[in-house]
Amino acid sequence: MHADRHLRDLYTVEQVRALDRRAIDELGVSGFELMNRAATAAFACLRRHWPHARQIAVFCGPGNNGGDGYLIAGLAQDAGLGVEVVELNDAGRGDAGLARDAWQRSGGITHRWHQDASLPQADVYVDALYGTGLNRAPEAAASTLIERINASGIPVLAVDIPSGLNADTGHCAGAAIRAQVTMSFIAAKRGMYTGQAATQVGSLEIDTLGLPQLLWQGVPVDATLLEAMHLGPRARDAHKGDGGHVLAIGGDHGTAGAIRLCGEAALRCGAGLVSIATRSENLTALNSARPELMAHGVHGPQELETMLARATVLAVGPGLGQGAWGHALWLTALDSGMPLVLDADGLNLLAREQRCFTLPAVLTPHPGEAARLLGKTNAEVQADRFAAARELARRYGAVVVLKGSGSLVANPDGRLDVCTWGNPGMASGGMGDLLTGVIAALMAQGCSAWDAARIGVGLHARAGDVAARKGERGLLASDLLDPLRALGNGFGHD
Ligand SMILES: NC(=O)C1=CN([C@@H]2O[C@H](COP(=O)(O)OP(=O)(O)OC[C@H]3O[C@@H](n4cnc5c(N)ncnc54)[C@H](O)[C@@H]3O)[C@@H](O)[C@H]2O)[C@@H](O)CC1
Ligand SMILES: [K+]
């Protein structure tokens, strides 16, 4: 449901609060009216997804998310459904209190949750425990309730965001609801698109509560969902020089496969020429597997220098190793001042010898590599992927692709795009090597580092989705090569 332009825009909780305030203060729509509209949208969503549901249970927390829940319960009761409310603790004052009072006045059934209670029977559960106000891991009682709901096997509609999922970061600090459907209000919260979100959110719908477009004007946007992109067809009179020349550097002892995948991906994404600088022992295998790759054995910087002189863009790191050979090539590549994509051991070496890039550069770390580059732990990176990606981009002066579910592409100027394509089948060896080659090929064809990283991440993820139609488990990196070629002119939403 991203038909509207502003639904591609992603917001922080603070920004969503600013939108709420604008609706209340400037448009004169009261908080309680917004809550009513939210409940109406959520109940309509429930009916759409579960038209045969006769009995529902609504789990209400202490804040306005719980307030939405009490109103949903009222709407369901009015529609003739059997409804039970399970509340965590008293709703606070304000709109949530009003909503709870209305539910109680209607004579609705309410249970107070305690550890020994059993969950009500229902066709659908509605999760209104915590929304954007979650500010820590759910406490013991809430945590047990969430785990019991998840284990019940009953489908869950999450109100605004699955309880336990942080709307800013996509991180779950403790237990979190796994929803079949999430109905979110007013704006897309950025935490619903990266990290653990994919496991929790299920199918996502957003309702703008009938608020006019002008509401979104003037409230800054934190990030954007990656959109369909088109490279367009090749010029009819193209020659191979137009496609640029990628030089891929890597493939230490035993890792020829990594540099081959990188090189092949660059070829399949339209690089005019692809050279490989690698260990001499890899040449026979590379030449017989893919004769279009121009593989050269290099012992050290001198041989690399001649290759650098002919290249447009460097792809440094797949299978490079961190030994003396890899380090010497890495240093020569970086000192050349050429545009480059840095991955794998290229990044690990950068973590050891920090520097800031002044020429177009793209870094493609997975969370572990990002952690080394930032001097943090993997868990710290995953706890706020947005902050980590932005900090890396700023610190290294490079466009950064933070890989993982919901890959982030961060620009040193603060812009950030989120890729929601891709699938868990892509969590396998060689996928990162491909991405390096894809991005390098796009830069070689004239894209800026920012465009190459965004288009490359999207292209790679879409190719993964096409390849996964035959099954996610057992998906090989090389399965993406044909789809990469097929999608090369443009890709987007199905
Ligand atoms: N006017 C508005 O701003 C609207 C808000 N709406 C709803 O309101 C929600 C936000 O409401 P609130 O800001 O009241 O926040 P929430 O209802 O998300 O939760 C806040 C409450 O939970 C407590 N809390 C937070 N984390 C906790 C934890 N880990 N363990 C135990 N308690 C915890 C807080 O102390 C507070 O009492 C939205 O997600 C949305 O569902 C909708 O009704 C639409 C309009
Ligand atoms: K919720």
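No experiment lies behind these values; they were computed from the predicted model shown. (Residues numbered from 1 in each chain as written. Chains lettered and ligands numbered in written order. Predicted model: local features only at pLDDT ≥ 70, side-chain atom pairs only at ≥ 80, totals over all residues. Heavy atoms only, no water.)

## Looking at the sheet that holds strand β10 (residues 223–225)
Consideration 1: With mixed pairing, the 12 strands of this open sheet are ordered in space as β8-β1-β10-β20-β19-β18-β17-β16-β15-β12-β13-β14. Pairing within the sheet leaves two strands with one partner each, and these edge strands are β8 (188–189) and β14 (294–297).
Consideration 2: Taken together, the two bridges between β10 and strand β20 (residues 416–419) define a ladder with parallel strand orientation. Looking at the pairing, L225 lines up with V418 of β20.
Consideration 3: Of the strands in this sheet, β15 (313–316), β16 (340–342) and β17 (361–363) touch helix α11 (residues 345–352), which is tilted by about 85° from β16. (Pairing = 2+ DSSP bridges. Helix = DSSP H or I, 4+ residues; strand = E, 2+ residues; numbered from the N terminus. Contact = heavy atoms within 4.5 Å. Axes fitted to C-alpha atoms, helices over the stretch in contact; angles between N-to-C directions.)

## Quick notes on the coordination of the potassium ion (ligand 2)
Consideration 1: Distances from the potassium ion (ligand 2) to its protein donors, N65 (OD1), D127 (O), Y130 (O), V159 (O), I161 (O) and S163 (OG), fall within 2.6 to 3.1 Å.
Consideration 2: One can describe the site at the potassium ion (ligand 2) as irregular: its six donor atoms subtend angles covering 65 to 175° at the metal.
Consideration 3: All donors of the potassium ion (ligand 2) belong to a single chain; written as a sequence motif, their spacing is N-x61-D-x2-Y-x28-V-x1-I-x1-S. Within this pair, whereas N65 is found in helix α3 (residues 64–78), its partner S163 is found in the loop between β6 (156–159) and β7 (181–185), the two being separated by 98 residues in sequence. As far as the burial class goes, N65 and S163 line up, both buried. (Donors = N, O, S within 2.8 Å, 3.2 Å for Na, K, Ca; no water. Tetrahedral: all angles 85-135°; square planar, octahedral: opposite > 155°, others 65-115°. Buried < 20%, exposed > 50% of the residue type's maximum accessible area, 1.4 Å probe, protein only.)

## Remarks on the site of ligand 1
Consideration 1: By nearness alone, 19 residues border ligand 1, and D20, D68, G131, R136 and D160 come closest of all.
Consideration 2: At a separation of 3.1 Å, a nitrogen atom of ligand 1 approaches a polar side-chain atom of N135.
Consideration 3: When residues of the shell around ligand 1 are assigned to their parent elements, the largest contribution, three residues, is made by α3.
Consideration 4: Its residues assigned to classes, the shell around ligand 1 comprises seven nonpolar, seven polar and five charged. (Near = heavy atom within 4 Å. Polar contact = N/O pair within 3.5 Å; in protein donor to acceptor, adjacent residues only side chain to side chain. Nonpolar A, V, L, I, M, F, W, Y, C, P; charged D, E, K, R; others polar.)

## Structural notes on the packing of helix α15 (residues 431–444) against helix α16 (residues 449–467)
Consideration 1: Close contact between α15 and α16 brings their axes to 8 Å; oriented N to C, the two are set at 135°. Between α15 and α16, the interaxial angle falls into the category oblique. Judged by the twist between their axes, the crossing of α15 over α16 is right-handed. On the side of α15, the interface is formed by M431, L434, L435, V438, I439, L442 and M443, while α16 contributes A449, A452, A453, I455, G456, V457, L459 and H460. (Parallel < 35°, antiparallel > 145°, perpendicular 65-115°, else oblique. Left-handed = near helix turned anticlockwise from the far one by under 90°.)

## Details of the UniProt feature "binding site: K(+)" (unreviewed entry) in the protein
Consideration 1: Here the UniProt-annotated "binding site: K(+)" (unreviewed entry) positions come out as N65, D127 and S163. A maximum C-alpha distance of 9.3 Å places the annotated residues, which cover 99 residues in sequence, within one compact spot.
Consideration 2: Relative accessible area serves as the criterion here: at 9%, N65 is assigned to the buried category.
Consideration 3: Discounting residues that sit within four places of it in the chain, N65 has contacts with D127, A128, L129, Y130, G131, V159, D160 and S163.
Consideration 4: Looking at S163, the relative accessible area reads 0%, which means it is buried.
Consideration 5: Those residues within four positions of S163 in sequence are excluded, and the remaining contacts are N65, D127, L129, Y130, I146, A175, A176 and I177.
Consideration 6: Within the structure, the side chain of S163 is placed 3.4 Å from the backbone nitrogen of L129, a separation counted as a polar contact. (UniProt positions renumbered as here; feature names shortened; annotations may be inferred.)

## Section: helix α1 (residues 13–25)
Consideration 1: Helix length check: α1, at 13 residues, gives a terminal C-alpha distance of 18 Å against a target of 18 Å (1.5 Å per residue), a fit within 8%.
Consideration 2: Among all positions of α1, only V13, Q15, V16, L19, R22 and A23 are buried.
Consideration 3: Those residues of α1 that are buried lie in contact with β1 (9–11), α2 (31–49) and β8. (Expected span 1.5 Å × (residues − 1).)

## Notes on the packing of aromatic side chains
Consideration 1: Enumeration according to the criterion identifies one aromatic pair in this entry.
Consideration 2: Seen from their ring centres, F59 and Y125 are 4.9 Å apart, and the 85° between their planes marks the pair as edge-to-face. Of this pair, F59 sits in strand β2 (residues 55–60) while Y125 sits in strand β5 (residues 124–128), placing them 66 residues apart in sequence. No difference in accessibility class separates F59 from Y125, as the two residues are buried.
Consideration 3: Across from the ring centre of F386, 4.1 Å away, lies the NZ or CZ of R190, which sits over that ring. (Phe/Tyr/Trp six-rings, centres within 6.5 Å; stacked < 30°, edge-to-face > 60°. Lys NZ or Arg CZ within 6 Å of the ring centre and 35° of its normal.)

## Thoughts on the pairing of strand β18 (residues 399–402)
Consideration 1: Residues V399 and V401 point to one face of β18 and V400 and L402 to the other, with burial holding for every one of them.
Consideration 2: Both β17 and β18 contribute to a ladder of two bridges, which runs parallel. Bridge pairing in β18 links L363 to V400.
Consideration 3: Where β18 and strand β19 (residues 407–410) come together, three bridges link them in antiparallel fashion. Each residue of the ladder has a partner; that of L402, found in β19, is L408.
Consideration 4: Counting the residues that bridge the hairpin from β18 to β19 gives four residues, and of these G404 lies at a positive phi of roughly 115°.

## Thoughts on α16
Consideration 1: End to end, α16 covers 26 Å across 19 residues, agreeing with the expected 27 Å (1.5 Å per residue, within 8%).
Consideration 2: α16 sits mainly inside the fold: 17 of its 19 residues count as buried.

## Thoughts on unusual backbone geometry
Consideration 1: The phi dihedral of D160 falls on the positive side, at around 70°, and the residue is not glycine.
Consideration 2: By the secondary structure assignment, D160 is in the loop between β6 and β7.

## Comments concerning the packing of helix α9 (residues 301–310) against helix α10 (residues 324–335)
Consideration 1: Here α9 crosses α10 at 35°, and the two axes come no closer than 10 Å. The interaxial crossing formed by α9 with α10 has right-handed handedness. Of α10, the residues touching α9 (which contributes P301, L304, E305 and L308) are A328, L329, T332 and A333.
Consideration 2: By residue class, the composition of the contact of α9 with α10 is six nonpolar, one polar and one charged.

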